[in-house]
Amino acid sequence: MSASSWPTVGGIRSARHVVPVLAFFLVGAVSLHLATQLAPTGDEFHTLSHLQHGSLADLWAAYRLKRDTLPPAGYVVSWVLAGGFGSSIVAARLPMVLAWASAAAVIAVVLERHGRRAALTGALVPTASGLALLGSFARPYALVFCALSIAALAWQRSFTCAAPRRCAVVLALSLAVATTLHYLSAAVIVAFVTAELLAGRTRRRPRSVLVGLGVAVLPLVASIPLLPRAVEDQRRIPGDTGIDQLPRYFLSVSRPLWPAIVITGCLGVMLWLWQRRHRRPSVRSSSLTPDEVLAASLTILVPVLSLLGMRLTSGVYLHRYALGG
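Each value, and the rule that gives it
Residues numbered from 1 in each chain as written. Predicted model: local features only at pLDDT ≥ 70, side-chain atom pairs only at ≥ 80, totals over all residues. Heavy atoms only, no water. Phe/Tyr/Trp six-rings, centres within 6.5 Å; stacked < 30°, edge-to-face > 60°. Helix = DSSP H or I, 4+ residues; strand = E, 2+ residues; numbered from the N terminus. Lys NZ or Arg CZ within 6 Å of the ring centre and 35° of its normal. Buried < 20%, exposed > 50% of the residue type's maximum accessible area, 1.4 Å probe, protein only. Arc of directions from axis to C-beta. Contact = heavy atoms within 4.5 Å. Patch = residues over 30% accessible without salt bridge, like charges linked within 9 Å, V, L, I, M, F, W, Y side chains within 5 Å. Areas by Shrake-Rupley, 256 points an atom, 1.4 Å probe, with all protein chains shown as cover. Salt bridge = Lys/Arg side-chain N within 4 Å of Asp/Glu carboxyl O. Core = buried A, V, L, I, M, F, W, Y, C linked by side-chain atoms within 4.5 Å. Expected span 1.5 Å × (residues − 1).

## A word on the packing of aromatic side chains
Inspection of every chain in the model, using the stated rule, returns six aromatic pairs. Seen from their ring centres, Trp-60 and Tyr-63 are 5.8 Å apart, and the 15° between their planes marks the pair as stacked. Placement of both Trp-60 and Tyr-63 in helix α3 (residues 56-65) is noted, with a separation of three residues, approximately one turn of the helix. Through a chain of ring-to-ring contacts, three or more aromatic side chains come together here, namely Trp-60, Tyr-63 and Tyr-75. Over the ring of Tyr-63 we find Arg-229; its NZ or CZ atom is 5.7 Å from the centre of that ring.

## Some thoughts on helix α10 (residues 207-215)
Restricting attention to buried positions, one finds in α10 the residues Ser-208, Val-209, Gly-212 and Leu-213. Buried positions in α10, seen along its axis, are confined to an arc of 145° and lie on one side of it. Across from the buried face of α10, at angles greater than 90 degrees, the exposed residues are Arg-207 and Val-211. At its buried positions, α10 is contacted by α7 (141-157), α8 (164-181) and α9 (185-199).

## A few points about a nonpolar patch on the surface
Taken together, the side chains of Val-211, Val-215, Leu-218, Val-221 and Ile-224 present a nonpolar region at the surface, about 440 Å² in accessible area. For the nonpolar patch, the secondary structure elements donating two or more residues are α10 and α11 (218-222). Note that Leu-218 resides in helix α11.

## Quick word on the pattern of salt bridges
Taken as a whole, this structure holds two salt bridges when the rule is applied. Arg-93 is the partner of Glu-44 in a salt bridge, and the nearest nitrogen-oxygen pair spans 2.8 Å. One end of the pair, Glu-44, is in helix α2 (residues 42-50); the other, Arg-93, is in helix α5 (residues 89-110), and 49 residues separate them in sequence. Summarising the burial analysis for this pair, Glu-44 and Arg-93 share the class buried. Taking the shortest distance from any N to any O, the salt bridge between Glu-112 and Arg-157 comes out at 3.2 Å. You can see Glu-112 sitting in the loop between α5 and α6 (116-128) and its partner Arg-157 sitting in helix α7, a full 45 residues away along the chain. Take Glu-112: its relative accessible area is 23%, and that puts it in the partly exposed class.

## Considering the nonpolar core
With 48 residues, the main nonpolar core has Trp-100, Trp-155, Leu-171, Leu-175 and Phe-192 as its most contacted residues. The dominant element in this core, judged by the number of residues it contributes, is α7, at 12 residues. If sequence neighbours within four positions are ignored, Trp-100 has contacts with Val-27, Ser-31, Pro-126, Thr-127, Leu-131, Ala-132, Leu-134, Gly-135, Ala-142 and Phe-145.

## Side note on helix α1 (residues 18-37)
Spanning 20 residues, α1 covers 29 Å between terminal C-alpha atoms, matching the ideal 28 Å at 1.5 Å per step. For α1, every residue scored as buried is listed here: Val-19, Pro-20, Ala-23, Val-27, Gly-28, Ser-31, Leu-34 and Ala-35. The buried residues of α1 occupy one face: seen down the axis, they fall within an arc of 150°. For α1, exposure combined with an orientation more than 90 degrees from the buried face picks out Phe-25 and Gln-37. Each element contacted by the buried residues of α1 is listed here: α5 and α6.

Below, the structure written as structure tokens:
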């Protein structure tokens, strides 16, 4: 069924919303189950302690007295949301569950041009991978991931929308939110800049996109006075930054997906052999689409830059940092 033949409700193609909504509820259900079943971890106690403050001034005073690897913005968001959700561990996790589920819906929208099955599959992959726990963790990783998903959608739409400057504004704001919540989101900005330079070589691109990517760095610049404290606190955590951490990262993330990866790989090889035998070469263009360029940049550069950044600063690296958060 083509997009033009989708059923309409009030003039809106309602079927286009089915996959994002389905992804939201499926991912939300899994993350909510984990949020209600898992015991709190050490890092989450940092968040819970800040939720007990009576005012933002008290929160800021407590934050300055303690060493912390994260910017204060994540605690501020959790403190504000605690007014509506509560300050228990499950309540502190609920906003992250919603953010993680929202990210899945946004990813489905990004991938909708590849078909509904591909969109739903892509939206479910993070929750089916080794990153699943981040969606039920009372830390800002899910918020970062949601912001980065919105940034990917804005960048994609900047190639086709009639007002690319609006897309550039959304791109800048979403990436600025991510860098406000976690320092290593800077690695994601580098990946976006790389994708923009590569994908824009054969296309006329508005300068506003690169300007937006530059603006997104400003929260990180404003956080420079806090970075030495973050590095000092990071050094107390056991870990290393050896080059072997890169393959370990990919293995850690993909381990739950190995059955699907093996099956998909076998089917791909069988299809390739069948096409060769029947002389039906693929009609696909050899050039990469902007989506593929961005995906490759994020997959390769973010883990590498995250590891390099931690090697040059604290000497400690954890796999979740390669999410860009």
